[in-house]
Amino acid sequence: MGRHGDGKRVTWWQPGVLYQIYPRSFADSDGDGIGDLDGITAHLDHLRGAPGSLGVDAIWISPFFPSPGADYGYDVSDYTGVDPVYGDLAGFDRLLAAAHERGLCVLLDLIPGHTSVEHPWFRAARSSRSDPHRSLYIWADPAPDGGPPNGWTSCFGGPAWEWDAPTGQYYLHSFYPEQPDLDWRDPGVHERIGQVVRFWLERGVDGFRVDAIDRSIKDPLLRENPPAAPGERRFDFFRGQHHLWNKDRPEVLDVVRSIRRSAEAARPGSLLLGESYIPVERLARYLGDAPGDAFDLVFDFPFLASPWEAGALRHAVEEAEAAFPAFGWPCRALSNHDNPRHATRFGRRSLRAAAMLSLTLRGTPVLYMGEEIGMADVVPSSGVVLDRAGRDAARTPMQWRDAPAGGFTTGRPWLPVGDASQVNVEDQASDPGSLLALYRQLIADRAASPALRAGSYRGLETAADSGVFAYLRQSADERLLVAISTSGTAGSHDLYAAGRGRLPAKGRLRRSTEPDRAGGQALDLRRMELAGDEGVIVQL
Ligand code: GLC
């Protein structure tokens, strides 16, 4: 395959490792129980630039803009400010400078599809039908029976339309009713979001993770969505219908290009990473026709949705490899703030091999804060639910130390903290056999290896029932074999045969996820012994 890397210019983010910070839960500097920007600044040593740092290349900070908090910051009421709960702009500038000093890039969350109901644009828009802001949002008259204009459902359940009694029309919301959708058919939206993009890039940020982009354009005729096929589980089918007319419309690419133009005007080469839960073959379109035409990266969510099973993981990886254009570069996360953590989905036994998988595939990995120490979902025992869409368990505070509230806050944490006596950064930092130590080593392995950084990918034909996902990573001067066992039991595997004549019979172990299996030993690929859920990197 060799489509990438060899001899071609490689950007910082292709070999890079990104790290997602959910600011509410990373570190609290002022004891109010809620994480903040100063808390992030105080913990940058964990990420890069100090002995024992993870060594990641960039952080993506989920929203910290002023927001009433219906969707914990994804309902923005001022795109160019900082919510007082997180600090202020001066604090952001300190964070940015401190990150850049240690060579850490900073990505923000851009939420172009909707504002908060409290945003001044929407307040003005709903003040009267003739207000000039009206056209920034999507309004429609009631159906003849007085009900919603059509049957579209919102992502979080219920109708996607909310009645606005004073002006006698419905407005559209793809998510909560507190998040009215902007209308990207209106040039005023391009202009205003373009200004937001410029504001932050001129301030020095390195790019954006762009939220829910597929929702930015809807059918102007408001055509009805077809019902979901029974048992259909692809991303387009949910809440009872196939979201044909209100999601992933062809014109979404124009929105991406508009954001790209604003970004290029402010800071050429800024990174744009798109979020869209759609099948991978359609995702590829959002990369545009050439590098720098649209998004640089898009999350491969079918990969995140895969079970811990070698065949399913390989299928997801190779679907993206096949679907992406030649210049395309995959981007994968195993966890984020919207889904159960993989420690919970896959089970703890998978964590070491999952780390190796994530950090050795061709593509940019995005780590979710806490996965490096094996944090799992924490279900509040109080039964209190804060996020109406049920995502609290994956958003609980970072466990820094074996201390009250895990050292996250001196106050009362906004969500319960997991068992920090068992899982915390401080203990793992001094334990060479810990998961944290393994993440650090794998990130360093990646940084030091041309094949892992930017080499080609080729999957091996392991038997479907072997429970092993094995692949070659290759650059001009380096050839590595990675084998990941997803089976809980030890076994011997003929990877030489699976290589179909492409592999030598012998290799040398470079790294194993088993803490006591030392690198350097010679291996016979015809009889590769792997422990249950072991991952290995083998030098060929
Ligand atoms: C994205 C965010 C999610 C949010 C939604 C609406 O999917 O990741 O947290 O609720 O968009 O903005």
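Here the structure is a predicted model, which is why all the values come from computation and not from measurement.

### Overview of the sheet that holds strand β15 (residues 468-475)
Item 1. Taken in spatial order, the 6 strands of this open sheet run β14-β15-β16-β21-β18-β19, and their pairing is antiparallel. On the outer flanks of this sheet lie β14 (456-459) and β19 (522-524), each paired with one strand and no other. Put simply, the sheet's adjacent strands are angled 35° from each other on average, direction ignored.
Item 2. Helix α12 (residues 435-448) contacts β18 (506-512) and β21 (535-539) of the sheet and is inclined by roughly 130° relative to β18.

### Here we look at the environment of arginine 508
Item 1. If you trace the backbone, arginine 508 turns up in strand β18.
Item 2. Residue arginine 508 is classed as partly exposed on the basis of its relative accessible area of 45%.
Item 3. Separated by 329 residues in sequence, arginine 508 and glutamine 179 place their C-alpha atoms 55 Å apart.
Item 4. Once you skip the residues sitting within four places of it in the chain, arginine 508 turns out to touch Gly520, Gln521, Ala522, Leu523, Ile537, Val538 and Gln539.

### Concerning the layout of surface pockets
Item 1. Of the volumes computed, that of the largest pocket is approximately 1200 Å³.
Item 2. What lines the largest pocket is a set of 45 residues, and nearest its centre among them are Phe235, Phe238, Lys247, Tyr277 and Asn339.
Item 3. Breaking the lining of the largest pocket down by element, the ones donating at least two residues are β8 (237-238), α6 (280-283), α7 (301-304) and α8 (310-323).
Item 4. The leading source of residues in the lining of the largest pocket is α8, at 4 residues.
Item 5. Residue composition of the lining of the largest pocket, by class: 22 nonpolar, 7 polar and 16 charged.

### Some words on the pattern of salt bridges
Item 1. Counting across every chain of the model gives 37 salt bridges.
Item 2. Between aspartate 387 and arginine 391 there is a salt bridge whose closest N-O contact spans 2.8 Å.
Item 3. Classification of aspartate 387 as buried rests on a relative accessible area of 0%.
Item 4. Looking at arginine 391, the relative accessible area reads 10%, which means it is buried.

### Brief notes about the domain arrangement of the chain
Item 1. If you check the domain split of the chain, you get domain 1 (11-113 + 187-445), domain 2 (120-172) and domain 3 (457-539).
Item 2. A separation of 30 Å is found between the C-alpha centroids of domain 1 and domain 2.
Item 3. Buried surface at the junction of domain 1 and domain 2, summed over both partners, amounts to about 1500 Å²; 64% is from carbon and sulfur atoms.
Item 4. Looking only at domain 1, the three residues that lose the most surface to domain 2 are Arg192, Leu222 and Arg239, adding up to 38% of its buried area.
Item 5. On inspection of domain 1 and its partner domain 2, the count reaches 7 residue pairs in polar contact (both at pLDDT 80 or more).
Item 6. The dominant element in the side of domain 1 that touches domain 2, judged by the number of residues it contributes, is helix α4 (residues 187-203), at 4 residues.

### A few points about helix α10 (residues 351-360)
Item 1. Among the 10 residues in α10, 10 count as buried, and that is most of the element.
Item 2. Residues of α10 that are buried: Leu351, Arg352, Ala353, Ala354, Ala355, Met356, Leu357, Ser358, Leu359 and Thr360.

### Describing a negative patch on the surface
Item 1. On the surface, a cluster of negative charge is contributed by Asp402, Asp419, Glu426, Asp427 and Asp431.
Item 2. Within the secondary structure, aspartate 402 is located in the loop between β13 (364-368) and α11 (425-429).

### Thoughts on α8
Item 1. Under the 1.5 Å per step criterion, the end-to-end length of α8 is 20 Å for 14 residues, consistent within 8% with the ideal 20 Å.
Item 2. Residues Ala310, Leu313, Arg314, Ala316, Val317, Ala320 and Glu321 constitute the buried set of α8. Burial along α8 is one-sided: seen end-on, the buried residues are contained in an arc of 160°.
Item 3. If you follow the buried residues of α8, they end up packed against α6, α7, β12 (331-333), α10, β14 and β15.

What counts, and where the lines are drawn
- Residues numbered from 1 in each chain as written.
- Predicted model: local features only at pLDDT ≥ 70, side-chain atom pairs only at ≥ 80, totals over all residues.
- Heavy atoms only, no water.
- Pairing = 2+ DSSP bridges.
- Helix = DSSP H or I, 4+ residues; strand = E, 2+ residues; numbered from the N terminus.
- Axes fitted to C-alpha atoms, helices over the stretch in contact; angles between N-to-C directions.
- Contact = heavy atoms within 4.5 Å.
- Buried < 20%, exposed > 50% of the residue type's maximum accessible area, 1.4 Å probe, protein only.
- 1 Å grid on protein atoms, 1.4 Å probe; cavity = no way out; pocket = protein on both sides within 12 Å on 5 of 7 lines; lining within 4 Å.
- Points joined across faces, edges and corners; volume = space filled by probe spheres on them.
- Nonpolar A, V, L, I, M, F, W, Y, C, P; charged D, E, K, R; others polar.
- Salt bridge = Lys/Arg side-chain N within 4 Å of Asp/Glu carboxyl O.
- Domains from an automatic or database assignment.
- Buried area = accessible area lost by both parts, 1.4 Å probe.
- Polar contact = N/O pair within 3.5 Å; in protein donor to acceptor, adjacent residues only side chain to side chain.
- Patch = residues over 30% accessible without salt bridge, like charges linked within 9 Å, V, L, I, M, F, W, Y side chains within 5 Å.
- Areas by Shrake-Rupley, 256 points an atom, 1.4 Å probe, with all protein chains shown as cover.
- Lys, Arg positive; Asp, Glu negative; His and termini not counted.
- Charge placed at Lys NZ, Arg CZ, Asp CG, Glu CD.
- Expected span 1.5 Å × (residues − 1).
- Arc of directions from axis to C-beta.

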